[in-house]
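# Commentary on secondary and tertiary structure
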Amino acid sequence: MARNESLPLASEQDIVLARQAIRKAALQLGFSIVDQTKIVTAASELVRNAVVYGGGGTLKWETVAQNGKQGLRLTISDQGRGIEDLTLAMKDGWTTGTGLGMGLPGAKRLVNEFKIVSERGVGTTVIVTRWK
Amino acid sequence: MTNAQSRTHTIVKKYGNEMLAGWMNELSGSLRTDRRISQSELSAQTREFLALLETASSSDGIQNLEGAQWTPLRDFLDSISRSRAEQGFSSDETAMFIFSFKKPLFERLRKDFGDNPQLLAEETWNATELLDKLGLHTIKSFQRAREAVINRQQEELLELSTPVVKLWEGILALPMIGTLDSARTQVVMESLLQRIVETGSETAIIDITGVPTVDTLTAQHLLKTVTAIRMMGADCIISGIRPQIAQTIVHLGIDLQGITTKATLADALALALKRMGFAVSRTKG
Amino acid sequence: MERIPILGMGRFLLVTIQIEMDDGVALRLQEDLTARIEKTGARGVLIDISALEMVDSFIGRMIGNISAMSHILNARTVLIGMQPAVAITLVELGLTLTGVKTALNVERGMALLAASDEDGEDASGQE
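Thresholds, definitions, all that
- Residues numbered from 1 in each chain as written.
- Chains lettered and ligands numbered in written order.
- Predicted model: local features only at pLDDT ≥ 70, side-chain atom pairs only at ≥ 80, totals over all residues.
- Pairing = 2+ DSSP bridges.
- Helix = DSSP H or I, 4+ residues; strand = E, 2+ residues; numbered from the N terminus.
- Axes fitted to C-alpha atoms, helices over the stretch in contact; angles between N-to-C directions.
- Contact = placed C-beta atoms within 7 Å.
- Core = buried A, V, L, I, M, F, W, Y, C linked by C-beta atoms within 7 Å.
- Buried ≥ 20, exposed ≤ 12 C-beta atoms within 10 Å, placed from the backbone.
- Nonpolar A, V, L, I, M, F, W, Y, C, P; charged D, E, K, R; others polar.
- Expected span 1.5 Å × (residues − 1).
- pLDDT = per-residue confidence, 0-100.
- Parallel < 35°, antiparallel > 145°, perpendicular 65-115°, else oblique.
- Left-handed = near helix turned anticlockwise from the far one by under 90°.

## Quick word on the sheet that holds strand β5 (residues 101-103) of chain C
All names here are of chain C. Overall, mixed pairing links the 5 strands, which are arranged β1-β2-β3-β4-β5 in an open sheet. Strands at the two margins of the open sheet, each flanked by one partner only, are β1 (6-9) and β5. This sheet shows a mean twist of 30° between the axes of neighbouring strands, independent of strand direction. Pairing between strand β3 (residues 44-48) and strand β4 (residues 76-80): 5 bridges, direction parallel. Bridge pairing in β4 links V45 to T77. Those strands touched by helix α2 (residues 57-72) are β3 and β4, and its axis lies near 150° from that of β4.

Below is the structure:
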């Protein structure tokens, strides 16, 4: 059972490692294949943001419990430029969806809880949770 | 409060066997005609409970049942609750396992502290509190186990009631019956997608003749499923849309986005065959 | 240096993605594929993603790029073998692969390519 684990995010290889780690954690928690795929995909998007736009950062994941149900919580943080306009970044601009931009609205749809904090010049932290 | 702990511990340690007999007496009374559990099994369970209680009460923290020293006892009660739940016992029958221990325990306390009313009252109170907490824990655990049983049964029922059938080479049908809730729809849809991949079927027909009503969430799930099927490279036809559902769809403002719909499963099958280049002809009569 | 293999199948090319995709791999694939299309005059490309357990916006973008490049070189692209969990997730993600046709497997994929080849027309994207 994954408790508190973390992974530094610096290069593209780390995105692959992150995916594998989250896949393993979700599998251990007994998520269905579809739910596993959803959380791993969300992780991939967010971790890529941290590496590509955030100049690197950290991925942390932990098992959480609430009201008798279990979940997987991911925290992706970077010390990059920060997002200028959060509202814009969270706006679902594209139905043609070639994935331009940071994929935040998409990632949000794949999880049950989504929280983002970003400050210009300081960095960005995204916390997402997927319940079983 | 340390004195209370060591007293409970002492009493259980010293008079365990005697209380066991009294306890079994109580239990046998209520479970007399019950064949779901045997005397020897019951006896073994009471014995283990006392042994675990003795160990747990030997250290501090009798007030807090969440403490580490109570874990073995709690786990034991969890496993008893689970087995009772699966055997079909009720929650009070299960709780009686703990509560029927009160009588022999209080009798023992009376014998030991009978000449000291203050102490007797205190000890009786501690004992009641402890057993009540354990009893409540057992009931909670029982309810969880019961829910798990019900969920499992629902899943099994689900699999039975929404099978994916092959209508023709390359054509699968999913006749849905009954009301569709979110969870059910998701599970069913996932299995349909899986079967499409497994069989390499070009067309899937989702028939909702047997579905009385559809709410926004279910309609969205249906739409998402159809989109997913097309994304994989297969085609999907929805058939059996009743007039009421057609109205609901329009009222809810749901856009069917070019999804083919047919009134009946038969029409959908005819269309699917046509699309695949088949023609049906009569050879006799 | 990891490279994704490209197999020749008659008039078509088959690309089977089995390794983890990163920028480097994606770029090399684009280079290799465009060169191969030019060299062989292939009219169609099958991209097999049956081994992919996840497709995110990056991979989606990459597939879109390959499709666009091939199209310019007069070859059609068909994506085959998408796993159910991936399809469901893509729908949820809101990622529609416009400009890319899909098929369940190699056989259907080739049939699709052959059909569009005969038509000689622009294959419009399937949602």
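From this point, the discussion proceeds with the structure in view.
## Some thoughts on the nonpolar core
Grouped together as the largest cluster of nonpolar side chains are 100 residues, with contacts concentrated most on I22 and V47 of chain A, A204 and M232 of chain B together with I47 and A87 of chain C. Among the elements that take part in this core, helix α2 (residues 33-52) of chain A stands out by supplying 9 residues, more than any other. Non-local contacts of I22 of chain A, meaning those with residues more than four positions away in its chain, are made with I39, V40, A43, W61 and L74 of chain A. One finds A56, W70, F97 and F101 of chain B within the second-largest nonpolar core, a separate group that totals 21 residues.

## Points about the interface of chain A and chain C
At the junction of the two partners, chain A supplies 22 residues and chain C supplies 21 residues. Secondary structure elements with two or more residues in the side of chain A that touches chain C: α1 (12-28), α2 and α4 (104-110) of chain A. Top element by residues in the side of chain A that touches chain C is α2 of chain A. It accounts for 9 residues. The residue makeup of the side of chain A that touches chain C, split by class, is 5 nonpolar, 10 polar and 7 charged.

## Remarks on the environment of I47 of chain C
Residue and element names in this part refer to chain C. Relative to the assigned elements, I47 resides in strand β3. Along the chain, I47 and S67 lie 20 residues apart, while their C-alpha atoms are 9.5 Å from each other. Every residue in contact with I47, bar those within four places of it in the chain, is listed here: V15, I17, I63, I66, T77, L79 and I80.

## Regarding the pairing of β1 of chain C
All names here are of chain C. Pairing of β1 with strand β2 (residues 12-16), which is carried by 4 bridges, proceeds in the antiparallel orientation. Along β2, the bridge assignment pairs M9 with F12. Between β1 and β2, which pair antiparallel and follow one another directly, the connecting turn spans 2 residues, one of which, G10, has a positive phi of 65°.

## A short note on α1 of chain A
Residues and elements named next belong to chain A. In this model, α1 (17 residues) spans 25 Å end to end at C-alpha, consistent with the 24 Å of a helix rising 1.5 Å per residue. Where α1 is concerned, the buried positions are D14, I15, A18, R19, A21, I22, A25 and A26. The positive-phi residue at the C-terminal boundary of α1 is G30, with phi of around 85°.

## Structural notes on α2 of chain A
Taking 1.5 Å as the rise per residue, α2 of chain A with 20 residues should run 28 Å; its terminal C-alpha atoms sit 28 Å apart, in good agreement. α2 of chain A sits mainly inside the fold: 18 of its 20 residues count as buried.

## A closer look at the confidence of the model for chain C
Residue and element names in this part refer to chain C. Model confidence for chain C is summarised by a mean pLDDT of 87, while 91% of its residues fall at 70 or above. Across residues 122-127, where pLDDT falls below 50, the model places 13 contacts with residues more than four positions away in sequence or in other chains. Of the two predicted TM-score estimates for the complex, the pTM is 0.70 and the ipTM is 0.87.

## Focus on the sheet that holds strand β1 (residues 165-168) of chain B
Backbone-to-backbone hydrogen bonds join strands into a sheet, with any given pair of strands oriented parallel or antiparallel. Residue and element names in this part refer to chain B. Reading across the sheet, the 5 strands line up as β1-β2-β3-β4-β5 and stay open at both edges, with mixed pairing between neighbours. This sheet does not close on itself; its edge strands, each paired only once, are β1 and β5 (260-262). Direction aside, the axes of adjacent strands within the sheet are offset by 30° on average. Bridge count between β1 and strand β2 (residues 171-177): 3 bridges; the pairing is antiparallel. Paired with W168 across the bridge in β2 is I171. In this fold helix α7 (residues 182-199) packs onto β1, β2 and β3 (203-210), with an angle of close to 165° to the strand it touches most, β2.

## Regarding unusual backbone geometry
Residues apart from glycine generally show negative phi values, whereas peptide bonds are mostly found in trans. The backbone of N74 of chain C shows a phi angle near 70°, a positive value even though the residue is not glycine. When you line up the elements, N74 of chain C lands in the loop between α2 and β4.

## What about the packing of helix α8 (residues 216-232) of chain B against helix α3 (residues 84-93) of chain C?
For the pair α8 of chain B and α3 of chain C, interaxial distance at closest approach is 9 Å and the crossing angle is 120°. Classed by the angle they form, the pair α8 of chain B and α3 of chain C counts as oblique. Seen from above, α8 of chain B lies across α3 of chain C with right-handed handedness. Two secondary-structure elements touch here, α8 of chain B through K224, T227, A228, M231 and M232 of chain B and α3 of chain C through P84, A87, I88, L90 and V91 of chain C. Here the residues of the contact of α8 of chain B with α3 of chain C sort into 8 nonpolar, 1 polar and 1 charged.

## Quick word on the packing of α1 of chain A against α2 of chain A
Residue and element names in this part refer to chain A. The contact between α1 and α2 brings their axes to 9 Å, and the two run at 155°. As far as their axial angle goes, α2 and α1 are roughly antiparallel. Note on packing geometry: the crossing formed by α1 with α2 is right-handed. The segment α1 lies against α2, with E12, D14, I15, A18, R19, I22, R23, A26 and L27 engaging Q36, I39, V40, A43, S44, V47, R48 and V51.

## Concerning the confidence of the model for chain A
For chain A, per-residue confidence averages 86 on the pLDDT scale, and residues scoring 70 or more make up 89% of the total. Counting interchain partners and residues more than four positions distant, the pLDDT-below-50 stretch residues 94-100 of chain A has 14 contacts.

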